[in-house]
Number of protein chains: 2
Amino acid sequence: MIRLSLDEVRDLACRVLRKHGFDEAHTAALADTLVAGQRDECASHGIYRLLGLIATLRAGKVVPNAVPKVLDQAPAIVKVDAGGAFSPLAFRTGLPVLADKARSCGIAAMAINHCVHFSALWVELEAITALGLVGLACNPSHAWVAPAGGARPVFGTNPFAFGWPRAGKHPFVFDFATSAIARGEIELHRRAGKPIPLGWGVDANGQPSTDPNLVLDQGAMLTFGGHKGAALAAMVELIAGPLIGDLTSQESLDFDAGTKSLPYHGELIIALDPVRFLGDAAEAELARAEALFTAMQQDGARLPSQRRYEARARSDANGVTLPAALHADVLALLA
Amino acid sequence: MIRLSLDEVRDLACRVLRKHGFDEAHTAALADTLVAGQRDECASHGIYRLLGLIATLRAGKVVPNAVPKVLDQAPAIVKVDAGGAFSPLAFRTGLPVLADKARSCGIAAMAINHCVHFSALWVELEAITALGLVGLACNPSHAWVAPAGGARPVFGTNPFAFGWPRAGKHPFVFDFATSAIARGEIELHRRAGKPIPLGWGVDANGQPSTDPNLVLDQGAMLTFGGHKGAALAAMVELIAGPLIGDLTSQESLDFDAGTKSLPYHGELIIALDPVRFLGDAAEAELARAEALFTAMQQDGARLPSQRRYEARARSDANGVTLPAALHADVLALLA
């Protein structure tokens, strides 16, 4: 393993991104997400993801330097056209407008369109809660997941995330895939020649399977939580797809045309302003939420975001470690 | 079994409600929900529920005739103070304001406060989609459900519902409890002396249990979908509790003070206007959602709302059946 400080992680990410033609605005936005992923030990969104970003660029499936276009669509809707670029710069460009609209209207929505997916939704939710707002966010991905009772993929892994600001504390944030498990987990089992647990996927006949090859190549992944999880996955397709004039996971996969690039689609973010909902009572009402968080931590149970915050404290103090092979792969992108 | 026409069901519901002092506005709003439940073979929200409504009234836990007060809280927020009455009249009173706000702002929220819960969220979502709007709704209930990793109840059964309008078709609507199963299902197993499946609840030590007595009396119910379902349940507590200045499920259970009445709390409804999101492209974009619905019905799989629509067609044609004992119990409320 290679140990790096967070500054070194950022420097490495920025050098790779600049080398491949990303401008300073995109480089900064992408590096912030990559560093946050590595720092919080969410490896799938850490430095590892640089490989996918550059592969997507080389496949011609992302515009490196599109300038996000902000459209004031309605009093409570802002649209940001990412122009085929990665999503983080579009998000940070639109966020102040979303926040203004939430504060003036009480609730507001931001639709990011025509973006190539690279966001960790929890990073975005933390940015929203840092402004004192409650937030929800979701997006489609690529069609890999079967609907309840089906055998062929329809949904993406379709993450759904929520954030709640807490005075003087890390926000309450969750961010989960509506698939039973990340696709990468099934890939790892395939590489290791290990069976997967029942519940992760089905074979070509829609039968539960423990064979990662059958699930990935012929069948489909499953949602978490049976028909309820599938219903949520469908909701994500709809509100972050047709409702915002952007692609479903099937349409994104068709657009990909076998290049195995990151998904190209939209994202819907909703922000709610507690002060607008509650007026002078906001502080007292939000304090009642703390009793809920205390009750949720009974018997040593942890809040959804707790693991990330603990990793963050470790990384802030000691830096992070990278597998040497991954470090070498990333350095090779500088050659 | 007793067979009744839908008109007879409505007449029966109205007579019982009037007899117990509900005014015409509340009677009509409650009867509409009861008839819809019975018609769609959603028995828990059908005529059976009349018993609970009257029991709650007799326990002094509901105000029969409060006039809902509509408050224009913000450009995109309407609040409706139900004044301690059942929720359906508050919903229908506020709905036109919510729709106006969604159409002018693009997205809007309605907070119903101080209501005693009797709504089937899918009934409300159908009313929202009938106006051409996309909707979400959720509410807490009573604290019966443990958080992930916990042994004591914190969350309610916390339903979450979504609706999407479809041109010339029944809307796409789902409405599910974030608990693994309805509390009533566990009660039925207890009465029948039958064990419950693993996954529905835990005993007082947080261990999985198949004993309905241990789950209901000493332990807790579980959410669907493990920690993801628990995260959703927490979100419902927050956005339909403190965010709107209303009770959490624990606070609602404390207010109940052992009377076993229906929960007293708030509800959050969000409406989004596709026309405001999409302008002239709305019709074409929404048509793309139909491809998703077609794909979801592959291999004979059904859309979440399909069972209800099939039941509705049967009931519209042939009326409904009630167990004779239930019919007698309801008639006894008229004595």
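Worth saying up front: this structure is predicted, and the values here are computed from it rather than measured. (Residues numbered from 1 in each chain as written. Chains lettered and ligands numbered in written order. Predicted model: local features only at pLDDT ≥ 70, side-chain atom pairs only at ≥ 80, totals over all residues.)

Caption draft 1: The overall build of chain A, seen in detail. A count of helical and extended segments in chain A gives 13 helices and eleven strands. For chain A, the C-alpha radius of gyration of 20 Å lies close to 20 Å, the compact-globule estimate for 335 residues. Principal axes of the C-alpha set define a box for chain A whose edges measure 60 × 50 × 45 Å. Here chain A holds 335 residues, and 56% of them are scored as buried. Counting only contacts in chain A whose residues sit at least 6 apart along the sequence, the fraction spanning at least 24 positions is 64%. (Helix = DSSP H or I, 4+ residues; strand = E, 2+ residues; numbered from the N terminus. Rg over C-alpha atoms; globule rule 2.2 N^0.38 Å. Buried ≥ 20, exposed ≤ 12 C-beta atoms within 10 Å, placed from the backbone. Contact = placed C-beta atoms within 7 Å.)

Caption draft 2: Spatial organisation of helix α1 (residues 6-19) of chain A. All names here are of chain A. Its 14 residues give α1 an end-to-end C-alpha distance of 20 Å, which sits within 8% of 20 Å, the value for a rise of 1.5 Å per residue. Every buried residue of α1 is accounted for by V9, L12, A13, V16 and L17. Buried residues of α1, viewed axially, fall in a sector of 125°; they line one side. (Expected span 1.5 Å × (residues − 1). Arc of directions from axis to C-beta.)

Caption draft 3: The pairing of strand β7 (residues 169-177) of chain A, seen in detail. Residues and elements named next belong to chain A. Judged by how many residues are buried, β7 sits mostly within the fold: seven of nine residues are covered. As paired strands, strand β6 (residues 159-166) and β7 are joined by seven bridges and run antiparallel to one another. For F160, the partnering residue across the bridge sits in β7 and is F176. The hairpin turn running from β6 into β7, its antiparallel successor, is two residues long, and G168 in that turn takes a positive phi close to 75°. (Pairing = 2+ DSSP bridges.)

Caption draft 4: Layout of the relation of the copies chain B and chain A. For these two chains of identical sequence, chain B goes onto chain A by a turn of 180° and a shift of 0.0 Å along the axis, with RMSD 0.0 Å. The transformation relating the two chain copies, once decomposed into turn and shift, fits a two-fold axis. Within chain B, the C-alpha atom positioned nearest to the axis of rotation is that of G225 of chain B, 2.0 Å from it. The share of interface residues of chain B whose copies in chain A are also at the interface is 100%, consistent with both copies meeting through the same surface. (Least-squares fit on C-alpha atoms with pLDDT ≥ 70 in both.)

Caption draft 5: The arrangement of the interface of chain B and chain A in detail. Contact with chain B, which involves 60 residues of that partner, is made by 60 residues of chain A. Among the elements that make up the side of chain B that touches chain A, the one with the highest residue count is helix α8 (residues 226-239) of chain B (nine residues). Grouping the amino acids of the side of chain B that touches chain A by side-chain chemistry returns 40 nonpolar, 13 polar and seven charged. (Nonpolar A, V, L, I, M, F, W, Y, C, P; charged D, E, K, R; others polar.)

Caption draft 6: Spotlight on the environment of L262 of chain A. Locating L262 of chain A in the fold gives a position in the loop between α9 (249-256) and β10 (264-272). Residues in contact with L262 of chain A, not counting those within four places in the same chain, are G52, T56, V116, H117 and F118 of chain A.

Caption draft 7: Seen up close, unusual backbone geometry. Residue and element names in this part refer to chain A. Its identity is not glycine, yet H114 carries a phi of approximately 55°, on the positive side. Mapping H114 onto the fold places it in strand β4 (residues 107-116). Judged by the 22 C-beta atoms lying within 10 Å of it, H114 falls in the buried class. At K260, a residue that is not glycine, the phi angle is positive and equals roughly 60°.

Caption draft 8: Inspection of the pairing of strand β5 (residues 134-138) of chain B at higher detail. All names here are of chain B. Counted residue by residue, β5 has five buried out of five residues, so it is predominantly covered. On β5, burial covers both faces: V134, L136 and C138 on one face and G135 and A137 on the other are all buried. Bridge count for β5 against strand β6 (residues 159-166) is four bridges, and the pairing is antiparallel. By the bridge assignment, A137 is partnered in β6 with A161.

Caption draft 9: Quick look at the nonpolar core. Ranked by internal contacts, the top residues of the largest apolar core, which has 218 residues, are I107, A109 and A161 of chain A together with I107, A109 and A271 of chain B. Contact partners of A109 of chain A, with chain neighbours within four places excluded, come to A76, I77, L268, I269 and I270 of chain A together with G106, I107 and L272 of chain B. (Core = buried A, V, L, I, M, F, W, Y, C linked by C-beta atoms within 7 Å.)

Caption draft 10: Quick peek at the sheet that holds β6 of chain B. Residues and elements named next belong to chain B. One open sheet holds the seven strands; their spatial order is β2-β3-β4-β10-β5-β6-β7, and the pairing between them is mixed. One side of each edge strand has no neighbouring strand; the edge strands of this open sheet are β2 (69-74) and β7 (169-177). Looking at each pair of strands side by side, their axes are set apart by 15° on average, direction ignored. Bridge count between strand β3 (residues 77-81) and strand β4 (residues 107-116): five bridges; the pairing is parallel. Paired with D81 across the bridge in β4 is N113. (Axes fitted to C-alpha atoms, helices over the stretch in contact; angles between N-to-C directions.)

Caption draft 11: Quick peek at the sheet that holds β4 of chain A. Residues and elements named next belong to chain A. The strand order across the open sheet built from seven strands is β2-β3-β4-β10-β5-β6-β7, with neighbouring strands paired in mixed fashion. What marks the edges here is a single partner per strand, and that holds for β2 (69-74) and β7. On average, each strand axis in the sheet is tilted by 15° relative to the strand beside it, whichever way the strands run. Sheet topology note: the β4/β10 ladder contains eight bridges and is antiparallel.

Caption draft 12: Seen up close, the domain arrangement of chain A. Residue and element names in this part refer to chain A. By domain assignment, chain A separates into domain 1 (1-58 + 305-335) and domain 2 (69-179 + 223-296). Computed over C-alpha atoms only, the centres of domain 1 and domain 2 are separated by 23 Å. The set of elements that each furnish at least two residues to the side of domain 1 that touches domain 2 consists of α2 (24-39), α3 (48-58) and α12 (306-318). If you tally residues by element for the side of domain 1 that touches domain 2, the top one is α2, at eight residues. Of the residues assigned to the side of domain 1 that touches domain 2, the class counts are eight nonpolar, seven polar and three charged. (Domains from an automatic or database assignment.)

Caption draft 13: Structural context of α12 of chain A. An ideal rise of 1.5 Å per residue puts 18 Å on 13 residues; α12 of chain A measures up with 18 Å between its terminal C-alpha atoms. Just downstream of α12 of chain A, G319 of chain A is the residue with a positive phi angle, here 80°.

Caption draft 14: Quick look at the packing of α2 of chain A against helix α4 (residues 87-105) of chain A. Residue and element names in this part refer to chain A. Put simply, α2 and α4 touch, their axes get as near as 8 Å, and they point 100° apart. In terms of their interaxial angle, α2 and α4 are classed as roughly perpendicular. Between α2 and α4, the residues in contact are A25, H26, A29, L30, D32 and T33 and P88, L89 and R92, respectively. In terms of residue class, the contact of α2 with α4 is made up of five nonpolar, two polar and two charged. (Parallel < 35°, antiparallel > 145°, perpendicular 65-115°, else oblique.)

Caption draft 15: Examining the confidence of the model for chain A more closely. Within chain A, residue pLDDT values average 95, and 100% of them lie at 70 or more. With a pTM of 0.97, the predicted complex shows an ipTM of 0.96. (pLDDT = per-residue confidence, 0-100.)

Caption draft 16: How the structure looks around the environment of S252 of chain B. All names here are of chain B. Note that S252 resides in helix α9 (residues 249-256). Separated by 13 residues in the primary sequence, S252 and H265 place their C-alpha atoms 6.2 Å from one another. Contacts of S252, omitting those with residues within four sequence positions, involve P140, S141, H142, L247, P263, Y264 and H265.

Caption draft 17: Just the packing of helix α1 (residues 6-19) of chain B against helix α2 (residues 24-39) of chain B, in detail. Residues and elements named next belong to chain B. The geometry of α1 relative to α2 is characterised by a closest axis approach of 9 Å and an angle of 140° between their N-to-C directions. Between α1 and α2, the interaxial angle falls into the category oblique. Both α1 and α2 take part in a crossing whose hand is right-handed. Note on element contacts: α2 touches α1 through T27, L30, A31, L34, V35, Q38 and R39, opposite L6, V9, R10, A13, C14, L17 and R18. (Left-handed = near helix turned anticlockwise from the far one by under 90°.)

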